[in-house]
Amino acid sequence: MMELQPYIARIRELEKLLKQAEQKSDILTNLLKEASADFNQTLERVTTSEENFRAIFENAPEAIYIIDVRTHRILDCNPFTAKWLGYPREHILSAKVEDILEPGASGIPENIRKALDAGYVHIQERRFQKRDGSLADAEITGTLIAYQGKTCFLALVRDITERKQIEELTRYKELFENVTDPVFINDAHGRFLEVNDVACSSLGFAREKMLQLTLRELTPPSQLGLLVEAAERLQRQKNVQFELDIQTRMGLPIPYEIHSSRIHYKGSPCVLSVARNLSIRKKMEETLVKTERLLAVGEMASGVAHNFNNLLQMIMGSGEAALAKLGGGKIRECREAIESILNACRRGSGIVRRIKDFTLSNTHGMDEAQIFDLEELVSEALELTKPLWKTLPEPRKYRVNVIKCSGCYIKGKPTEIYEVLVNLIKNALEAMPEGGTLTITSYIKSDKVYLEIADTGNGIDRENFQRIFEPFFTTKGSRNTGLGLSSSYGFIKRHLGDIRVQSTLGEGTTFTLILPKSTRVRQEETEAAPLTRLAKIRFLLIDDEVNILRSMEMFFEDSEIEILTAKTAKEGIQTIHNDTLDVVLCDLAMDDMNGLEVGQAIIAHCRKACIPKIPFILYTGLDKKLDARILKESGVDRVVQKPIACEKLLHIIQSVVTGQEPTGEQQCRLDICRT
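Per chain, the residues get numbers from 1 upward, laid out in the order the sequence is written. Confidence filtering applies because this is a predicted model: local features only for residues at pLDDT of at least 70, side-chain atom pairs given and counted only at 80 or more, and all residues used for totals across whole chains, interfaces and linings. Here the side-chain values reflect all heavy atoms present in the structure, with hydrogen atoms and water set aside.

1. A closer look at the overall build of the protein chain
And step 1. Where helices and strands are cited, they refer to DSSP runs of H or I of at least four residues and of E of at least two residues respectively, numbered from the N terminus. Summing up its helical and strand segments, the protein chain has 21 helices and 23 strands in all.
And step 2. Between buried and exposed lies partly exposed: a residue is buried under 20% and exposed over 50% of the maximum accessible area for its type, with that area taken using a 1.4 Å probe on protein chains only. Per-residue burial over the protein chain gives 39% buried out of 675 residues.
And step 3. Here the contacts in the protein chain between residues at least 6 apart in sequence split such that 58% fall between residues at least 24 apart.
And step 4. About 39800 Å² of surface is accessible on the protein chain, with carbon and sulfur atoms providing 53% of the total. The contact criterion used is simple: two residues touch if any of their non-hydrogen atoms lie within 4.5 Å. The method behind every accessible area is Shrake-Rupley, applied with a 1.4 Å probe, and residues are considered shielded solely by the protein chains displayed.

Okay, here's the thing in structure tokens:
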């Protein structure tokens with residue numbers, strides 16, 4: 001029994017341990033049950049949370065996407081993202097985040113590094129590019145998450161495009177109403193969609209009326225080409241700047257410098273324009289340009305005087321020769337001498353006309369456009385500038401080469417192109433102070449007329465190359481206004497042309513004029529039909545120059561014209577009251593009355609006598625263009641410019657009396673300004 005005692009004690013010890021183990025097992029079982037319950041509850045919560053996240057992710061009304069922070073690849077996105085950007089979801093999941101942002105977007109790696117450091121991203125603005133190419137403004141916020149075993153960034157994107165547009169519209173409205181220049185918005189057809197108060201007051205329209213008009217309707221017909229050209233340029237570039245006259249409600253054209261930009265207004269592509277009134281600047285420029293023209297004529301004065309002295313010598317010598325031959329009975333030689341006198345007078349008239357065209361050319365529109373030969377204009381410009389390049393002390397200092405091309409017809413104002421040519425020739429000569437070669441070349445290419453004016457002078461510095469056409473820019477010091485090339489550029493642009501320049505320092509400069517080619521209308525070469533002849537035309541000439549009266553009497557005394565003359569306006573009016581007349585020609589500037597007052601007196605006499613108004617021709621040597629309204633009120637039927645050949649004057653008188661137009665060689669277009 002004693003031998004079993006140790007075993008019995010061991011068994012009791014084991015039973016005790018077993019009992020403790022059973023107790024611990026029960027405790028562990030209870031703990032496992034509790035842990036299992038907690039796990040199931042947690043699993044249920046996680047499942048619910050994931051379902052909620054997925055429900056939010058799939059149904060959120062804003063774009064949500066997840067990107068791998070290492071590769072920037074988009075791992076997941078919600079349906080709204082695909083719908084918002086316009087791409088299939090599969091396309092987005094195969095792209096990187098850079099592929100859906102606007103081209104050139106920067107700072108993405110830096111932003112991701114900041115997110116890794118902070119664990120989230122504050123609100124940040126980005127622009128996204130949609131499938132249709134449009135851009136959308138958006139705010140991005142997000143946080144770091146673990147997704148598919150990777151560190152990722154979950155981004156929440158909110159579209160703020162409409163908010164941005166409202167903010168821009170608010171700023172635009174404030175600027176639109178407070179700017180001191182006319183501002184307006186036009187649609188693709190030029191119709192005004194919005195105008196500020198300054199535009200309405202400047203042009204004299206009520207807002208409601210102006211919103212019914214188009215910019216084309218307010219543009220003078222002569223400048224429609226400029227408007228079309230600006231519209232074409234605006235299709236190629238976002239902003240354009242151009243000059244255009246805009247007519248007020250009263251029809252008065254106002255010059256504006258217009259800055260136009262392409263914008264979107266109320267969901268449609270439109271044009272926003274700001275117009276700056278150039279009236280004061282244009283008047284200043286015109287005054288300075290006229291001053292520069294007069295200075296240029298002053299530089300040529302000695303040459304002009306030389307030409308006139310030669311002409312006077314020809315007239316004096318031929319007159320004395322005619323008297324001598326007439327005294328000797330040599331009628332044929334006398335006729336030759338008289339023809340030389342007439343030829344010298346015509347040459348003198350041409351010199352005066354060229355100087356007048358250069359100094360008095362106006363800059364208003366293209367109302368007097370005509371088709372002319374550019375080559376003839378080049379010859380006249382060279383003739384006017386001859387005193388500059390054919391100087392008497394150094395007759396061989398300059399060499400002038402002219403390479404002509406036939407058919408160089410263009411449409412425009414000859415006086416403006418004439419001024420451009422004189423300016424460019426003068427500049428070329430000034431660029432060759434030590435002498436050189438001036439080459440003028442014309443040619444036709446692709447329905448364009450090209451005229452190159454090249455010199456072998458100093459050339460133009462590269463730093464000045466981009467500024468040579470700017471108003472008031474000059475490298476010649478205070479003696480030059482800097483408006484020669486600027487005005488020339490404006491003239492060429494007004495003719496829908498272009499002016500280009502190439503220059504090499506030390507070698508020379510070439511200016512190229514490019515103008516649209518026109519076709520000259522050929523008149524049928526038929527023999528001029530004679531004007532209807534009347535028995536005798538009673539013609540009254542009123543002029544205070546006795547020599548003019550006498551020369552006219554001598555010419556008309558053997559013609560079908562019965563001429564009466566008067567040395568004063570009062571004497572002429574008395575003749576009108578006492579005689580029956582077919583036509584009256586009166587000088588504009590006289591001592592006692594001017595020609596317009598004589599015309600008004602004729603109207604009053606005819607009304608009182610109850611007879612048709614006597615045809616009235618105004619005769620003047622002044623260059624000033626008379627107002628058409630004043631001419632009409634004074635009863636003027638034609639204006640004749642002195643000097644004019646008596647033969648041409650005869651045809652004018654016949655046409656005025658018979659009501660027939662001169663044709664063929666009888667046409668006196670250059671001498672007559674019809675009212």
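The rest of the description comes next.
2. Some thoughts on the packing of helix H18 (residues 569-578) against helix H19 (residues 595-609)
Packed helices, taken two at a time, are described by the angle their axes make and the gap between the axes.
And step 1. Running from N to C, H18 and H19 cross one another at 20°; their axes reach a closest spacing of 11 Å. Considering the angle they form, H18 stands roughly parallel to H19. Both H18 and H19 take part in a crossing whose hand is right-handed. Counting all contacts with H18, which are made through Ala-569, Ile-573, Ile-576 and His-577, the residues of H19 involved are Val-598, Ala-601, Ile-602 and His-605.
And step 2. Note on residue classes: Ala, Val, Leu, Ile, Met, Phe, Trp, Tyr, Cys and Pro are nonpolar, Asp, Glu, Lys and Arg are charged, and everything else, Gly too, is polar. Taken together, the residues of the contact of H18 with H19 break down into six nonpolar, two polar and no charged. Between N-to-C directions, angles cover 0 to 180 degrees, with each direction set by a line fitted to C-alpha atoms, over the stretch in contact for helices. Angular relationships are summarised with four words: roughly parallel below 35 degrees, roughly antiparallel beyond 145, roughly perpendicular across 65 to 115, and oblique for the angles in between. With the far helix as reference, a near helix turned anticlockwise by less than a right angle produces a left-handed crossing, and one turned clockwise produces a right-handed crossing.

3. Notes on the side chain of Ser-634
And step 1. Tracing the backbone through its elements, the reader meets Ser-634 in the loop between helix H20 (628-633) and strand S22 (638-641).
And step 2. Think of a polar contact as two N or O atoms within 3.5 Å of one another; within protein, one of them needs to be a possible hydrogen donor and the other a possible acceptor, and neighboring residues in sequence only count if both atoms come from side chains. There is a polar contact of 3.5 Å between the side chain of Ser-634 and the side chain of Gln-600.
And step 3. Apart from the residues within four sequence positions on either side, Ser-634 is in contact with Leu-596, Gly-599, Gln-600, Ile-603 and Phe-616.

4. Focus: helix H21 (residues 646-658)
And step 1. One fewer than the residue count of a helix, multiplied by 1.5 Å, yields its expected span. For H21, built from 13 residues, the straight-helix expectation of 18 Å at 1.5 Å per residue is met to within 8% by its first-to-last C-alpha distance of 18 Å.
And step 2. Looking only at H21, the buried set comprises Leu-649, Leu-650, His-651, Ile-652, Ile-653, Gln-654, Ser-655 and Val-656.
And step 3. A positive phi of about 80° marks Gly-659, the residue just after H21.

5. Some points on the confidence of the model for the protein chain
And step 1. Across the protein chain, pLDDT averages 79, with 77% of residues at or above 70.
And step 2. pLDDT measures how confident the predictor is about each residue, on a scale from 0 to 100. Across the protein chain, the secondary-structure element scoring lowest on mean pLDDT is strand S23 (residues 672-674), at 36, and the one scoring highest is strand S15 (residues 448-455), at 93.
And step 3. Note that pLDDT drops below 50 for residues 523-531; the model gives that stretch eleven contacts with residues more than four away or on any other chain.
And step 4. pLDDT under 50 marks residues 662-675. Its contacts with residues more than four places away, or in other chains, come to 30 contacts.

6. Observations regarding the sheet that holds strand S9 (residues 253-265)
And step 1. When DSSP finds at least two bridges between two strands, those strands are taken to pair. Strand order in the open sheet made by the five strands is S7-S6-S10-S9-S8, with antiparallel pairing throughout. The sheet is open, and its two borders are formed by strand S7 (192-195) and strand S8 (239-247), each paired with just one other strand. Mean inter-strand twist for the sheet, computed between neighbouring axes without regard to direction, equals 30°.
And step 2. The pairing of S9 with strand S10 (residues 268-277) spans ten bridges and is classified as antiparallel. Bridge pairing in S10 places His-259 opposite Val-274.
And step 3. Sitting on the sheet, helix H8 (residues 224-236) is in contact with S8, S9 and S10, with an inclination near 160° to S8.

7. Observations regarding the pattern of salt bridges
And step 1. Salt-bridge detection follows one rule: a side-chain nitrogen of Lys or Arg within 4 Å of a carboxyl oxygen of Asp or Glu. One pass over the full model with this rule turns up 17 salt bridges.
And step 2. Arg-163 is the partner of Glu-139 in a salt bridge, and the nearest nitrogen-oxygen pair spans 2.9 Å. A residue pair is termed long-range when its members are at least 10 positions apart, and Glu-139 in strand S4 (residues 135-147) and Arg-163 in helix H5 (residues 161-178) qualify at 24 residues.
And step 3. For Arg-163, a relative accessible area of 37% puts it in the partly exposed group.
And step 4. A salt bridge links Lys-493 to Asp-498, with the shortest nitrogen-to-oxygen separation between them at 3.6 Å.
And step 5. Given a relative accessible area of 23%, Lys-493 falls into the partly exposed group.
And step 6. Linked through salt bridges whose partners overlap, the residues forming this network are Glu-194, Asp-197 and Arg-207.

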